[in-house]
Amino acid sequence: MIQNTSAARSSFAQISKVINPLTSAFKTPAGRIGLPLVLLHVLLAAFGSFLAPYSPTDFSDATYVKPFTSAVDGAIPHILGTDQFGRDVFSRLLSGARSIILISGIGSILGVALGTAIGMTSGYLGGKADEIIMRIADGLMSFPSLLLALLVLSVSDSLVWLDGISSTFATRKESILVIGTMAIVHAPRVARVLRSATLTIKTQEYVDSARLRGESAYYIIFKEILPNALPVLAVEGSVRFSYAILLASSLGFLGLGVEPPSPDWGAMISDSRSILTRAPWVPLAPAAAVASLVVGVNLLTEGIRDAQKLPTELPE
Amino acid sequence: MTNNSINQTDSAPLLEVKNLGVSFFTPRGTVRAVRDASLTVRRGEVVGLVGESGCGKSTVAFSIMGYLPGIVQVDGEILYDGKDLVGMDESELEALRGNRIAMVYQDPQTSLNPTMKIGPQMREVLKTHLDLGKQEIRSRAIELFESVGLASPDTIGERYPHELSGGMQQRVVIALALACEPDLLIMDEPTTGLDVTTEATILDLIVDLKDRVNAGILFVSHNLGVIARVADRVTVMYASQTVEDADVRNIFNSPQHPYTAGLLSCVPKPANELGITPRLKSIPGSVFEARLEAGNECLFAPRCPIAHDQCTQNAPEISDADGHQVRCFFPDEVTSDIWGELKPRRDFESEDDAVVIEANDLNVRYRSRQGKKYILFGDEAQPPVRAVVDASFKVTKSRTLGIVGESGSGKSTTARALIGLTQKSSGSMLLNGDELETDSANRSDDQRADLRMVFQNPTASLNPKLPIKHAITRSLKLFGNFDNQGAYDEARALLEAVGLNPDYIERIPSELSGGEQQRVALASAFAANPKAILADEAVSALDVSVQAQVLNLLLRNQQENETSFVFISHDLGVVRYVSDDIMVMYAGHVAEQGPADAVLSSPSHPYTEALLSAAPEPDPDATPSIIRLDGAVPTMRERFTGCFFADRCHRKIDQRCDEIEPPAQSVNSSNHIIRCHIPIDQLVSQS
Amino acid sequence: MLRFLLVRFSLIFITLAVVSLAIFGVTEVLPGDVAEAILGKSRTPGALETLREQMGLDRPAWQRYVEWIFGVLQGDLGNSLVQDRPVTEILGSRLQNSLVLAVTAFLISVPSAILVGVWAGVRQGSNADHTVSVISLVAISLPEFVTGFILIVIFSSTLGWLPSSSLVMPGTSPLARPVILIMPIATMTAVLFGYVMRMTRANVIEALNTNYVRTAILKGLPRWQVIWRHAVPNAMLPTIAVISINVGWMLGGLIIVESVFAYPGLGLSLINAVNRRDLPMLQAISLLIAATYAISNLLADLAYAWLNPRIRISS
């Protein structure tokens, strides 16, 4: 009886431990704005295709329709107007949200997972291995992430071996490359932060106690250290997500990463430069979208940090 | 140098704190840091403000300085020279601070600006408050450095704080406070965190200052021994209230508040005339928290042995009888035995002399990597640090070996090597006659189960994110073949055995007080009945009343399970209380070892002698001993010759001390060993 | 000190060696090669073969790497595939243009960010502090192309005060027409300002809560002296690290800003090189950016050591 309740309690405790940084962030002013903003974006990305009144890619004759007006009487109004090809900006925005949040989300999750594993192991083991791993991380970090992404994308055409992977996931090769780049540029940065957290936690006496009980390194890292590194991890995840969004949208703006017809926030802005005076709403909508998403994520980061009383970390 | 040497105390008080109340409004609720505090300081007098952690004594000190950050409400009056400091505006306060009222803080290392040289830090005070020329400021600064006993006062201004030892840093802080010859000096735990030999020299300086400067001193401390050494009058605080205020002798010899009496009986004292060490008494329960709103009651009543009905129905006010003020309805009932009668420390003597722990020529060397930042580059590594040198000792069944020494003495390293957290370099370690592997990871589960460790910091020794049952049940499952249910039940039983409510089992450590956390750590160490426990400064972070509870728990466990202990502490009083044998360590070397009585009495190693004379006794009439050590414990490196203690020894004889390693001399061919060049018969106490 | 410099320089050398390998690896060792990349999807096997031989791609990768590195060490970064001129010749003026942009942005944003950061940190929790915090959060959240776009809409399309693109005639300096620099510099300044200001503010707040600042206050020192002599110097230590890291960030931002305003700098050359698969050009620019980053890190370390007596003494 007691057994069951205590087991239930501990599994509940596990779950609440993971979401705790988020729920406690909600109690701070920054988190109270940031969390709903991010959630709104995520929901729109997930269910946007059901909400989208028009096709995001089909051309129509209704070009330069102003926001909140209908092209023909009785039709569904174009909330955010249409562009020079008569495409509904709102529908394109929703479709673009899906791709950017998916790519940045997966990219940062991979990067954080990889970085956490490397950083914690490196920090816990210490010694020469740790030093070498961290030197390599430093080397990787001296490379601006946008530059690395550009380099990788510039050779994407010749990466024939990627065709198989991309068709398995029913996605484009570029998306996979961008996700991969994100993982690679984020991992060393996450590893650094998690390593230093691990180094601090490692010297705590409860870790010594665990070693004296004869616990394995695996047990100590995951059961004793990880729960204490969770606040740091939550902040890192949030920070990485914001950089991933910036990277993905910047690539789109530069015309890399997405094929022209499919909507991308960055590309939507660069494509509409020529119609800036004629239809300012076309670039304004994606600009506002990317801005509100990143502001939301940054506010969330701030909220988690405040709630966990963590110091402001270095950027990038 | 007695406490009453000064009689020129003015009748008009310099500082009067009247019914001070301080509340902090935090996001987690209101904290009543000070509920009702009153005290008086006169010119030329040292008033000791004493109490346990969280009692509000530091808040009183900072209120006087007008420095209370955050959202705060201050009630009552703080009269300095007739002016109320409460509500005084910032510019008036600026003119007083550092000038008429100055402060000395705990932790001098963080109190000095790390990026600024000492000289400018001193000169800016003089420049701000005094109308002096550049040259005058310079010479005044040197004068001040000299007056606090800093060596080479004319060049010390060119150094950065981190280049000075803790004792020197505190002297600098005191010099800063004295800069403008203040009327009132507030000292907040000025010796806490310093080594005991350094503490003794700083206390000497403070006692000396009292005679030299014409100021009133408010001396805040948790340490009754320190208070007894410096104070003329004492104010006792409990649960954010002042509860007793009297002349230092009255406080120590005839306390009238049950809390003061209890506090005094919690401090370990030397054996009495009959050679019996009295068992420590302890105050049950825990402090009335500052977060709680007080009702109409005595806040000490729940823990008080003489509480009456009246105590829970009315709040006592301070009453005065011949200058002895006390906040208690029944001060006349307070006698020396209200906290229980005198009992010997323990009521058993072990007959079994089976050796449980044995170390032979144990050595630990650190290959320090200081300055060498990278694998391929950086400075040459310095020679290895000799953290422990040739330590040999035995601990027999159900006996306690106390290891005493200052920071850097190697006492903790010895324990960590024994337990397998630090790698020994050479020598052997045995548990029940079986060789112990160097690394804990390579030892058998049985050995790990038989030899356990309790750490210093209870907050750090429990994982803050896991319920307290975690550490206990893991030990039980790994060592005791318990299944989940069995471990859970046993953990509850263990919690109960250390005096905790077994329902606490699902709580996380931050929901427990420091003393409760240390009980959990003990419960986890007691799990699966170890043969021996290493306690590394296990009570050092605790308040005296809690410390007494934990010490008695340890002794009870020893009695019931015949456990052997290695008890490590910098506090000689505590070591003296628990130990059968004592080993005195200095800079990695064993200076002296043997049966406790023999080590603590003459003849002794010069270092032991200095240590004994440095330890402040909670007795205002104790004559302070004059043996003082300058400097700090050095770091011993490889290729070192001579005696480890030669640099600081007050009895250094000749060249031999610098060149030859001291021999281990046996006193009367017993197991009492002293490592010194001076012949045993000349090592008898000089005082 | 000399030793410190020596160690740091050798570290830079090692980092650059690693980076050069990475660059070479990404562009050469990955499946597929330059010839395929140049010809793209329209390749025929015959053309591919010819181009490979022409470029020496039939030799092993390590040989080509060694040749490339030796070239780099002698200042020969190869020939641009597109323009068929030495890369160094093309990049010279481009580098100059980028430096004008980056250095000006740096000189404007860092000092002002530090001042505002201290100002806000000292007023922690006030309305002024909240306002500055929100503005800086927005500044770091906006991608450069969004900031740039907003500036163009306001100052170019709407007000018509500034040209929307920052073209520079070949052979002339951007400083000849400073008006074209205003918006690119403003865009770069925004992000840098945001980061440095936030970090300064956080560090000042932290420094104000230390015991040594408490000591300074309780010495009765005037407030300005407490802040500028005790809190700020200590707060600058971690801020310097942020500034140096931001230089790397700024170099990435440069690519976007130059692209937004069509400003002929390194970033624009990089985008062109990417679009046209001009690999020698790509490698040269990447190496240049990595070197700039490493050197700025060294400068930051020196500044740190200069401010921090602990390091100064021990080295």
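See the structure above.
Description of the structure in this document. (Residues numbered from 1 in each chain as written. Chains lettered and ligands numbered in written order. Predicted model: local features only at pLDDT ≥ 70, side-chain atom pairs only at ≥ 80, totals over all residues. Heavy atoms only, no water.)

A few points about the overall build of chain B
Part 1: A count of helices and strands for chain B gives 22 helices and 24 strands.
Part 2: Since a compact globule built from 687 residues should have a radius of gyration of about 26 Å, the 26 Å found for chain B is in line with a globular shape.
Part 3: Viewed in the frame of its principal axes, chain B has a C-alpha envelope of about 75 × 65 × 55 Å.
Part 4: Counting only residues that meet the buried cut, chain B has 57% of its 687 residues in that class.
Part 5: Looking at chain B alone, contacts between residues at least 24 apart form 69% of all its contacts between residues at least 6 apart.
Part 6: Here chain B holds 65 positive side-chain charges and 95 negative ones, and the gap between their average locations is 6 Å. (Helix = DSSP H or I, 4+ residues; strand = E, 2+ residues; numbered from the N terminus. Rg over C-alpha atoms; globule rule 2.2 N^0.38 Å. Buried < 20%, exposed > 50% of the residue type's maximum accessible area, 1.4 Å probe, protein only. Contact = heavy atoms within 4.5 Å. Lys, Arg positive; Asp, Glu negative; His and termini not counted. Charge placed at Lys NZ, Arg CZ, Asp CG, Glu CD.)

Looking at the packing of helix α5 (residues 145-154) of chain A against helix α9 (residues 217-253) of chain A
Residue and element names in this part refer to chain A.
Part 1: Direction vectors running N to C along α5 and α9 enclose 50°, while the axes themselves pass 10 Å from each other. The orientation of α5 relative to α9 falls into the category oblique. Two packed elements cross with a definite hand, and for α5 against α9 that hand is right-handed. Of the residues in α9, those in contact with S145, L146, A149, L150 and L153 of α5 are L247, S250 and L251.
Part 2: Here the contact of α5 with α9 is built from residues that sort into six nonpolar, two polar and no charged. (Axes fitted to C-alpha atoms, helices over the stretch in contact; angles between N-to-C directions. Parallel < 35°, antiparallel > 145°, perpendicular 65-115°, else oblique. Left-handed = near helix turned anticlockwise from the far one by under 90°. Nonpolar A, V, L, I, M, F, W, Y, C, P; charged D, E, K, R; others polar.)

Thoughts on the pattern of salt bridges
Part 1: All chains considered together, the criterion is met by 39 salt bridges over all chains.
Part 2: For E215(A), the salt bridge identified is with R213(A), shortest N-O distance 3.0 Å.
Part 3: In this structure R213(A) comes out as buried when scored by relative accessible area, which is 3%.
Part 4: The partner of E224(A) in a salt bridge is R213(A), and the shortest N-O contact between them spans 3.0 Å. Of this pair, E224(A) sits in helix α9 while R213(A) sits in the loop between α8 (205-212) and α9, placing them eleven residues apart in sequence.
Part 5: One network of salt bridges, in which partners are shared, links R213(A), E215(A), E224(A) and R474(B). (Salt bridge = Lys/Arg side-chain N within 4 Å of Asp/Glu carboxyl O.)

Thoughts on the packing of aromatic side chains
All names here are of chain B.
Part 1: Counted by the stated rule, this structure contains 13 aromatic pairs over all chains.
Part 2: Judged by centre distance (6.0 Å) and plane angle (50°), the rings of F62 and Y67 are tilted. Like Y67, F62 is buried.
Part 3: Geometry around Y504 places R507 over its ring, the cationic atom sitting 4.0 Å from the centre. (Phe/Tyr/Trp six-rings, centres within 6.5 Å; stacked < 30°, edge-to-face > 60°. Lys NZ or Arg CZ within 6 Å of the ring centre and 35° of its normal.)

What about the pairing of strand β14 (residues 385-396) of chain B?
When a strand is regular, its side chains alternate between the sheet's two faces.
Residue and element names in this part refer to chain B.
Part 1: Burial analysis of β14 places nine of its twelve residues in the buried class, the great majority of the element.
Part 2: Taken together, the eight bridges between strand β13 (residues 355-366) and β14 define a ladder with antiparallel strand orientation. Residue pairing for β14: L362 is matched across the bridge by A391. (Pairing = 2+ DSSP bridges.)

Overview of the packing of helix α15 (residues 469-480) of chain B against helix α16 (residues 484-497) of chain B
When two helices pack together, you describe them by how their axes are tilted relative to each other and by the distance separating the axes.
Residue and element names in this part refer to chain B.
Part 1: Axis separation between α15 and α16 bottoms out at 9 Å; the angle between their running directions is 125°. In terms of orientation, α15 and α16 fall into the oblique class. Once α15 is placed against α16, the crossing between them reads as right-handed. Residues K469, I472, T473, L476 and K477 of α15 lie in contact with α16, whose contacting residues are N484, A487, Y488, E490, A491, L494 and L495.
Part 2: For the contact of α15 with α16, the residue count by class is seven nonpolar, two polar and three charged.

Focus: the side chain of T608(B)
Part 1: One can find T608(B) in helix α21 (residues 606-614).
Part 2: Discounting chain neighbours no more than four positions away, the residues touching T608(B) are V584(B), E592(B) and V599(B).

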